[in-house]
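Report on the structure
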Amino acid sequence: MMIKVNEIGLDSPVLLAPMAGITDLPFRKLVSRFGAGLVVSEMVASEEMVRNRPGTQARTEIWGDAAASSVQIAGREAHWMAEAARMVEANGARIIDINMGCPARKVTNGWSGSALMRQPDHALSLIEAVVGAVKVPVTLKMRLGWDAECMTAPGIATRAEAAGVQMITVHGRTRCQFYKGAADWAAIRPVKEAVRIPVIANGDITDLATAREALRLSGADGVMVGRGAQGRPWLLARIAAGLAGAPAPEAPQGRALADTVISHYEDMLSFYGAELGLRVARKHLGWYLEPLGLAELRAELMRISAPGEVVSRLRDTLEGLPERAAA
């Protein structure tokens, strides 16, 4: 089930979705180490990036061989989208993704993100500007449409392919659904039937069973995992193995789990600096600990500001946990 994005081959059909405040460099590196076909950066606003607003460059950082890493940009003006794409390419990105799926009001009120599903002509002008500005492959992430009366995904997909887009990911909800209800994977099928390039199904994919059902209903070439990977950076590798009919790698437990969580924690402190890193790390620690029934430890770690003490408490607790069913 290898997917090709132009000349770039993705080793797995299971991709990591861009998530604001989550898919930063430390998390993308960790997911990649376990195994993923592609990891996508958190969205960066194109004009803010070009104007070098604080924090924008950090969101687009890549590392090493970036073939399995994509940088996502958003915006409403062709000039800024093209300039941001050039900057991302110059910084070493091998794939650039255009955001037409974010449902947040602060994004759509500025006619960016999924608001573009209401303006196919304008959306196409942004796509053409980005594709024309760079030599690396350009991909597109979008929703089914704005609402049930505005299901524009198939038509936009057709035009995007003609403009040079090399892969399309579709979240199986409209913008007006936000994240409510269930993702409609069957509604992605008309997009798959409208284009020849790879199509990826996204939304509510949390395990092997949901990945298989999403592929069956959508006819897509692969799946993109978002919130299901929070606290489970190994999930994509487990899903990919199952889709390939291979034994799934074990989710880390005991010392291996402690090493994973601590390594991620220390990487966040190194990337952001101690003060900001402590704040960013708390949500990730919560996602790791709550499914394990460690709410008290989570609450305790929210109050600790000494990294060494956090590491010590994590290791003592996680290494002593009994084995559990793999997640």
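Coordinates for the structure precede this section.
Read on for an overview of the structure.

Conventions adopted
Residues numbered from 1 in each chain as written. Predicted model: local features only at pLDDT ≥ 70, side-chain atom pairs only at ≥ 80, totals over all residues. Heavy atoms only, no water. Helix = DSSP H or I, 4+ residues; strand = E, 2+ residues; numbered from the N terminus. Rg over C-alpha atoms; globule rule 2.2 N^0.38 Å. Contact = heavy atoms within 4.5 Å. Areas by Shrake-Rupley, 256 points an atom, 1.4 Å probe, with all protein chains shown as cover. Salt bridge = Lys/Arg side-chain N within 4 Å of Asp/Glu carboxyl O. Buried < 20%, exposed > 50% of the residue type's maximum accessible area, 1.4 Å probe, protein only. Axes fitted to C-alpha atoms, helices over the stretch in contact; angles between N-to-C directions. Parallel < 35°, antiparallel > 145°, perpendicular 65-115°, else oblique. Left-handed = near helix turned anticlockwise from the far one by under 90°. Nonpolar A, V, L, I, M, F, W, Y, C, P; charged D, E, K, R; others polar. Polar contact = N/O pair within 3.5 Å; in protein donor to acceptor, adjacent residues only side chain to side chain. Core = buried A, V, L, I, M, F, W, Y, C linked by side-chain atoms within 4.5 Å. Phe/Tyr/Trp six-rings, centres within 6.5 Å; stacked < 30°, edge-to-face > 60°. Lys NZ or Arg CZ within 6 Å of the ring centre and 35° of its normal.

On to the overall build of the chain. Looking only at helices and strands, one finds 14 helices and 11 strands in the chain. A compact globule built from 327 residues would reach a C-alpha radius of gyration of about 20 Å, and the chain, at 20 Å, matches this within 12%. With respect to the three principal axes, the spread of C-alpha positions in the chain is 55 × 45 × 35 Å. For the chain, contacts bridging at least 24 residues in sequence account for 68% of all contacts bridging at least 6. Surface summary for the chain: the accessible area is close to 13,600 Å², and the carbon and sulfur share equals 50%.

We now examine the pattern of salt bridges. Side chains carrying opposite charge are able to pair once their charged atoms draw close together. Going through the model one piece at a time under the given rule, you end up with 15 salt bridges. Of the charged contacts in the structure, one is a salt bridge between Arg 159 and Asp 121, with a shortest N-O distance of 2.9 Å. Within this pair, whereas Arg 159 is found in helix H7 (residues 153-163), its partner Asp 121 is found in helix H6 (residues 120-133), the two being separated by 38 residues in sequence. The partly exposed category is assigned to Arg 159, whose relative accessible area is 34%. Owing to a relative accessible area of 56%, Asp 121 belongs among the exposed residues under this scheme. The partner of Arg 315 in a salt bridge is Asp 259, and the shortest N-O contact between them spans 3.0 Å. One end of the pair, Arg 315, is in helix H14 (residues 307-319); the other, Asp 259, is in helix H11 (residues 254-272), with 56 residues separating them in the sequence.

As a further point, take the packing of helix H4 (residues 78-90) against H6. Packed helices, taken two at a time, are described by their axes: the angle between them and the distance between them. Closest axis-to-axis distance for the H4/H6 pair is 8 Å, and the angle between their directions is 30 degrees. The angle between the axes of H4 and H6 places the two elements in the roughly parallel class. Here H4 and H6 pass one another in a crossing that is right-handed. Contacts from Ala 78, Met 81, Ala 82, Ala 85, Arg 86 and Glu 89 in H4 reach Ser 125, Leu 126, Ala 129, Val 130 and Ala 133 in H6. For the contact of H4 with H6, the residue count by class is 8 nonpolar, 1 polar and 2 charged.

Once that is clear, we can look at helix H1 (residues 25-34). Taken residue by residue, H1 has Leu 25, Pro 26, Phe 27, Arg 28, Leu 30 and Val 31 as its buried positions. N-cap assignment for H1: the residue whose side-chain oxygen lies 3.1 Å from the backbone N of Phe 27 is Asp 24. Positioned one or two residues after H1, Gly 35 has a phi angle of 130 degrees, which is positive.

Ile 73, Met 100, Leu 140, Met 142 and Ile 168 are the most contacted members of the largest nonpolar core, which totals 66 residues. The residues touching Ile 73, leaving out its near neighbours within four places in the chain, are Val 44, Met 81, Ala 84, Ala 85, Val 88, Ile 96, Asp 97, Ile 98, Asn 99 and Val 130.

Examined against the element boundaries, His 264 turns out to sit in helix H11. Apart from residues no more than four positions distant in its own chain, His 264 is found in contact with Pro 26, Phe 27, Leu 30, His 284 and Tyr 288.

Turning our attention to the packing of aromatic side chains. Going through the model one piece at a time under the given rule, you end up with 2 aromatic pairs. Pairing Phe 34 with Trp 234 gives two aromatic rings, centres 6.0 Å apart and planes at 70 degrees, and the pair type is edge-to-face. Note that Phe 34 is positioned in helix H1 and Trp 234 in the loop between strand S11 (222-225) and helix H10 (235-243), a separation of 200 residues in sequence. A ring pair is formed by Phe 271 and Tyr 272, whose centres lie 4.9 Å apart and whose planes are at 85 degrees; its orientation type is edge-to-face. In this structure, Arg 118 is placed above the aromatic ring of Trp 146, and the distance from its NZ or CZ to the ring centre is 4.5 Å.

Read these as spatial facts, not as claims about activity.
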